[in-house]
Amino acid sequence: MISVALNWIYLFVTIFLTGFGLCAVFYRFFACHIQKICSIAAVGLMAVTVYAQVFSLFYKVGFAANLLLTVGCFGIAVVRRKQITEVLLAAWKSKSAAWKLVMAASIVVWCYCTSRGYMHYDSDLYHAQSIRWIEEYGIVKGLGNIHVRFAYNSSFFALSALYSMKFLCGKSLHTINGFLALMLWTQVMELFRFRRYRNTLVTDFARAGAFYYLTVIYSDIVAPASDYAIMCVVFFIIIKWLELLENDENKAAPYALLCVGGVCAVTLKLTAGLILVLVLKPVFLLVRDKKWRDIGLYFLLGLIVITPWIARTAVISGYLLYPFPALDILDVDWKIDAAAAALDAAEIKTWGRGLNNAALVDMPVSEWFQNWFATLPATGKLFVLADFGCIILFVILLLKNLSAILKQRRSSAFQENQLESKQLFVLAAVILSYGFWQLSAPLLRYGYAYVLLVITITAGILCDMLIKYFHKHQKKDMIKGVAVLGTAALLVFSAAKGFSLARYAAAQLPKEAYIWQQDYGIYALESFEEAGNTFYYPVSGDRTGYESFPALPRKTKVVLRGETLRDGFCPEHFSDTLP
C-alpha cells in the first residue's frame, strides 16, 4: 500500500501541474476556464499519456522520461505558483469537513484495493511484457511478430511504463487503474451531495452507473488491464458532458476539449471510436459561429493526441491500425503477415462472442447470439435485455422529440425540450458504441460502460419526464416520493456494496502487500536462444508474467532484423532472405 500511495502522490503532482499548464493555454486560446481539480488532473493525464508515447518513439520510458517530466512540472510550479496556490486553497475551502473525511477514506480504500487482488489473466499473458518492452526499449520494429497481442498498442501501457518506477523500485508498479478508479469515484461522490433543486437527474443516473461499475472492478484493478482504464475514461467523459448540459453550457470549448479526450480514449482501446460521434455538437457550434481558427486548433490538438499512437502502431505492426490488414499502405519488412492479422481480428471477435473458433467469424448474429447470451451471468442477461428495451424507448423518445421540435420551434415548450434533445444526442452516441460492441466482440468487460450507460441515461431521461409531469400537474408530494425512493435505493445499494467491500477487504488482509504492491505472477519457464538472445516461454499454458524477459506465450520461430533486440523482428517468411 505504501508503494501505491507514494506512486499516486507523484502521479497526481505531475499530472496536476501538467494539466494546470495546459489549462492556462486553453484559457488563452479558447477562453475556457477549467478550475476543478479533477478536470485539471484529467487534462494532465491525457497530456502525460501522449508524452509517454512520444518519448517511447525515441528512447526507453524510464528514468530519463521521468526526469524530463519532473523538470517541466517544476518549471510550471515556479511560473504559476501563485495561481496554483489560489486554485488549491479555493478547492480546499469549498469542501466541507465531511467531504474531506470521506475523500481521505476513499483514497485509503482504493489504495488498499490497488495494492492487491486478482491479477487479470491477460496481464500475465501480455500486458506485463508489453510494459516491460516499453521500459527497456521504448519501441521495437515488428514487435508484433513475436506476439501479435503486442501490436494492440494501447497507450495505457506507455502510461503504465512511465509511472512503473522500475528504475527506482527494482520492480514494476502497476497503479494506473486504481488511480483512474479513484478519479471516477470523485465524480460518483457527487451523488451524495444534497442539492435542493436540480435541472436534470440524468447526470446523477450516469454517476450511479459508474458507481455500479466501480463495485464490479475493485478486486481487479491491481492488474494493468486497459479494459478497466477505457471504461473509467468513457464514464468520466459522459458524466462531464452531461454535467455541462445540466449547467446549460453553450460554449463550444468544453465540449470540444472533451472530444479531444475522446480521441485519447481511442488510443487506449480502438473500440471507443464511436464515442467521437459527440464531436458533431462542438463542430456545429463552431461552424455556426464561424470560428474557423478554433476548428483548426481543435483538429490540431486531436492530431497531436492520435499521431504518436498511430506511429507506434506502425512501428510495432507495420499497419496504421491493427488488426485491420485492409489498411495496408506501408511497405516495411517488419509488417505482420496479413493472414496473421486477419486471424487475430477474427479471434478477437469470436472469443468475445463465446465461439472460440476463428473460422466462425462470419457466423450470422442470429446464430451466435443465443449461445453468447446463455453464457452471460444473471446480471449480464438482465442488463442486455434492459439495453434492448432502452433502445426501443430511445427510438420512441427521439420521434416524440423531433415531432415536438417541428410543432413548437418558436414556443416556450421548444426551449424546455432542448435539454432533453441534447441528452438524447448523448444517448445516441452511447447506443452506437453499445451496438458496435454488441456486433463485434461483446465480451462484457470490453463494453461494461456502454451497457450501463444506455440503461442509466435512459432511466434518467424518463425520471426527468416523470418529475416534469408531476410538477405540471402540481403533484409535489409525488415529486417528494420519487426523491425519497431514489435516495433510499441509493443508500440501500451503498450499504450492500459497502458490506461486500468490507468482506473482500477482510479476506485480503493476510496478503503481504502493505509495503510493496502485489507483483505479477510467477510461472515455470524454459528458454531458447536465437542469434545470441535468450527468449523464455512457459512449460505449460501461455502466461509468462513480467520477470523473465523477453518472454513468448510459446516456443516459436523468431526472426531478428539485425543482431540485437533493438533492431526488431520480421515475420517468419523473411527468415530465408535476411543476411
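Quick summary incoming for the structure in this document. (Residues numbered from 1 in each chain as written. Predicted model: local features only at pLDDT ≥ 70, side-chain atom pairs only at ≥ 80, totals over all residues. Heavy atoms only, no water.)

1. Thoughts on the pairing of strand 1 (residues 525-530)
Of the pairings in the sheet, the one linking strand 1 to strand 2 (residues 533-538) comprises six bridges and is antiparallel in character. Within strand 2, the residue paired with F528 across the bridge is F535. Remark: two residues form the turn of the hairpin made by strand 1 and strand 2, two consecutive strands paired antiparallel; A531 in that turn has positive phi of roughly 55 degrees. (Pairing = 2+ DSSP bridges. Helix = DSSP H or I, 4+ residues; strand = E, 2+ residues; numbered from the N terminus.)

2. What about unusual backbone geometry?
Of note, the amide linkage connecting Y322 to P323 takes the cis form, showing an omega dihedral of 0 degrees. Relative to the helices and strands, P323 is located in the loop between helix 14 (292-317) and helix 15 (338-352). The residue after F549, namely P550, is reached through a cis peptide bond having omega -5 degrees. With respect to the element layout, P550 can be found in the loop between strand 2 and strand 3 (559-560). The residue A31 is not glycine, and still its phi comes out positive at about 55 degrees. Here A31 shows up in the loop between helix 1 (2-30) and helix 2 (37-56). Phi is positive for D248, which is not a glycine, with a value near 60 degrees. By the element assignment, D248 lies in the loop between helix 11 (226-246) and helix 12 (252-268).

3. A short note on helix 1
For helix 1, which comprises 29 residues, the first-to-last C-alpha distance of 40 Å matches the rise-based estimate of 42 Å (1.5 Å per residue) to within 8%. Just beyond helix 1, the residue with positive phi is A31, at close to 55 degrees. (Expected span 1.5 Å × (residues − 1).)

4. Comments concerning the packing of aromatic side chains
Under the definition given, this model contains 39 aromatic pairs. Taking the centre distance of 5.7 Å and the plane angle of 70 degrees together, the rings of F63 and F167 count as edge-to-face. Residue F63 is found in helix 3 (residues 63-79), and its partner F167 is found in helix 8 (residues 166-169); the two are separated by 104 residues along the sequence. Judged by relative accessible area, F63 falls into the exposed class, the value being 52%. Judged by centre distance (6.3 Å) and plane angle (85 degrees), the rings of W368 and W372 are edge-to-face. You can see W368 and its partner W372 sitting in helix 16 (residues 365-375), four residues apart, about one turn around the helix. For the pair formed by W368 and W372, the shared burial category is buried. (Phe/Tyr/Trp six-rings, centres within 6.5 Å; stacked < 30°, edge-to-face > 60°. Buried < 20%, exposed > 50% of the residue type's maximum accessible area, 1.4 Å probe, protein only.)

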